[in-house]
Structure formats: structure tokens, C-alpha cells
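Reading the structure
This is what each chain is made of:
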Amino acid sequence: MELRTLRYFVAVAEELHFGRAAARLHMSQPPLSRAIKRLEADVGAVLFVRSPAGVTLTHVGTVLLDEARALLEHADRVGARVSAAAGTAHITVGILGDGTDPGVSRLAAAYRRSHPGVDIRVRDADLTDPTCGLRAGLVDVALTRAPFDGTALTTRVLRTDQVGVVLRSDDPLARRDRLRLADLSDRRWFRFPPGTDPVWQSYWNGGRPREGPVVRAVQECVQAVLWNGTVGLVPLGHDLPAELAVVPLADMAPSRVVAVWNAGDTNPLIRSFVEIATAAYRH
């Protein structure tokens, strides 16, 4: 069995959906299906039950999943040890905005267990660069939020979060159960500096140009709301001061938490980081 085929199998087993697994692997579905059929032929048993209701693992598939995960983890450790012997066992991770996300904590613990000899360097990024310095070569991989200009980058979606508008608690709109973007059309919004990725800026401004204070960091956004009554968007579930309220937006696309790295970068530490991140954010 090739390691690549086992990675295909693990992706399908974890997603239980060939389309989602293909998207996760950045490939089309037909070659993925063919690879799984060849693997089933090599194993001599059916690994998945395919039905209109979805995909489920067979007993043999469940056994292979445990073994495949262990084998791939070992292969990644081999890559890390070889890198260590070459004196290059380090990875720089860019984190956007909120390092308190529970997914980050789970990922950090899991990565340390799997790669105890790797020096993990972290770079906090402000809201003006959604790639956390990736394009400038400051980091190897970034934990951030999409959408942004993905040219020459590879992206793995880790989680999706619903989005709401952050308001002062005494704002009349804060008493509403749900809002729409049109309800905020006459408000001042916090916005990012000129030169910020236009795809990123458009998303967080609700798809249209806004007027309001320029911010660079999460705390600046919070202060803009507290002091000026400015409004802006925020993923649901974030801890905010009691003086602020978040109301869900009915017509806003969810925010995607993603791992992103430079397309074509074959560093095994990045590959293992992304796979561990995928599992850590799933729980």
C-alpha cells in the first residue's frame, strides 16, 4: 500500500463523503474513487458501504483506518526525525487574531505529542494580513479565516462558524434575535487599512464599501464599538466584554477557519501539521 493511497483512504473515512474528501485532498472525485477501488482490490475486502444515504465504513474499513492512521503518523515522525538530523526541524505557524480558540489548544497539544523534537515557532498576525505573513515567507503555515486571495496557496477548511454583528449592549438593535445586513446600512463600520486584501475586506464589510474607523487588531475593533458605537462582524462564540452584544446575521455566509500554506511546498512538517489540525478542529 502506498502512503498516498492510505491518505486518500483516511480522508474518505473521516469525511464519509467522497466529494468532501476530494475537496480536502485538492483533487477531483473520479481519481479518488478509483484509488479507493484499487485499495479495496489490494486488501481483498470492501472498505466502504456506499448508499443513497451516504458512505459508511465496513468492519474491515474500521480496522484499516486505525492502522492507516498509526502508519501515517509514524511516517510523519520519520520525516520530522530526518529533518531534525539535517538541522531543519522547525516550523513557523502564523495565527490570526484569536489564539484562544480551543481548536488551537487541541492542535498544539496533539502536535507536540506527535513531533516532540520539532521547534514550533508562532507568529501572531493582525487583521490586515489574513495569510499571517505566508506570502512574505515569514511563516510556513497559517491558521486563519477565509475568504482571501488564494492565488498560489493551498487551503484546508478546518471549521465553519456563523457570523454576527457586534454592538454595544445599549444599542436598540442589540435586543433583536437576528439581523440582516440591510439593518446596518446606515451605521459606521470598522474597516481595514488601504492595501488590505480586497477579498478579505469585502467579506468583513458585508460585501460593500463602508465608512468608519480603521482598525488593525481585534482589540481595536472592540474599542471602536465601545467608544464610538461602531458596528462590525465577528464569528459567533467569542468572549466579549459585558458591555457588548453579538446578534447573529441571517444573510451572512459563515466564516471558514482554515489552514493555508504555499502551493507546492512539500515540507513534511506542514503536511503532518495540516492533518493533525484537521482532526483537532473536528472535535
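The preceding data block contains the structure.
Residues numbered from 1 in each chain as written. Predicted model: local features only at pLDDT ≥ 70, side-chain atom pairs only at ≥ 80, totals over all residues. Heavy atoms only, no water.

**Examining the sheet that holds strand S8 (residues 232-235)**
- Taken in spatial order, the 3 strands make up an open sheet running S8-S7-S9, and their pairing is antiparallel. Among the strands making up the open sheet, the edge pair consists of S8 and strand S9 (244-248). Taking each pair of neighbouring strands and ignoring which way they run, the sheet shows an average axis angle of 45 degrees.
- As defined by bridge partners, strand S7 (residues 163-168) adjoins S8 across 4 bridges and the pair is classed as antiparallel. What sits directly across from Gly-164, in S8, is Val-234. (Pairing = 2+ DSSP bridges. Helix = DSSP H or I, 4+ residues; strand = E, 2+ residues; numbered from the N terminus. Axes fitted to C-alpha atoms, helices over the stretch in contact; angles between N-to-C directions.)

**Focus: helix H7 (residues 218-228)**
- All buried positions along H7 are accounted for by Cys-221, Val-222, Ala-224 and Val-225. Down the axis of H7, the sector holding all buried residues measures 160 degrees, keeping them to one side. Residues Gln-219, Trp-227 and Asn-228 are exposed on H7 and point more than 90 degrees away from its buried face.
- Against S7 and S9 lie the buried residues of H7. (Buried < 20%, exposed > 50% of the residue type's maximum accessible area, 1.4 Å probe, protein only. Arc of directions from axis to C-beta. Contact = heavy atoms within 4.5 Å.)

**Here we look at the environment of Trp-227**
- Along the chain, Trp-227 falls in helix H7.
- Residue Trp-227 is classed as exposed on the basis of its relative accessible area of 68%.
- Spatially, the C-alpha atoms of Trp-227 and Arg-168 are 9.2 Å apart, while their sequence positions differ by 59 residues.
- At a separation of 2.8 Å, a polar atom in the side chain of Trp-227 contacts the side chain of Gln-223. (Polar contact = N/O pair within 3.5 Å; in protein donor to acceptor, adjacent residues only side chain to side chain.)

**So, the pattern of salt bridges**
- Inspection of the entire model under this criterion finds 14 salt bridges.
- Residues Asp-101 and Arg-159 are paired through a salt bridge, measuring 2.8 Å at the closest nitrogen-oxygen approach. With Asp-101 in the loop between strand S3 (90-96) and helix H5 (102-114) and Arg-159 in strand S6 (residues 153-161), this residue pair connects regions lying 58 residues apart in the sequence.
- Take Asp-101: its relative accessible area is 10%, and that puts it in the buried class.
- The exposure class of Arg-159 is partly exposed, given its relative accessible area of 22%.
- Of the charged contacts, one joins Arg-159 and Asp-161 as a salt bridge, the two residues approaching to 2.9 Å between their closest N and O atoms.
- On the accessibility criterion, Asp-161 (11% relative accessible area) is buried.
- Through salt bridges with shared partners, a single ionic network connects Glu-14, Glu-15, Arg-20, Arg-69 and Arg-282. (Salt bridge = Lys/Arg side-chain N within 4 Å of Asp/Glu carboxyl O.)

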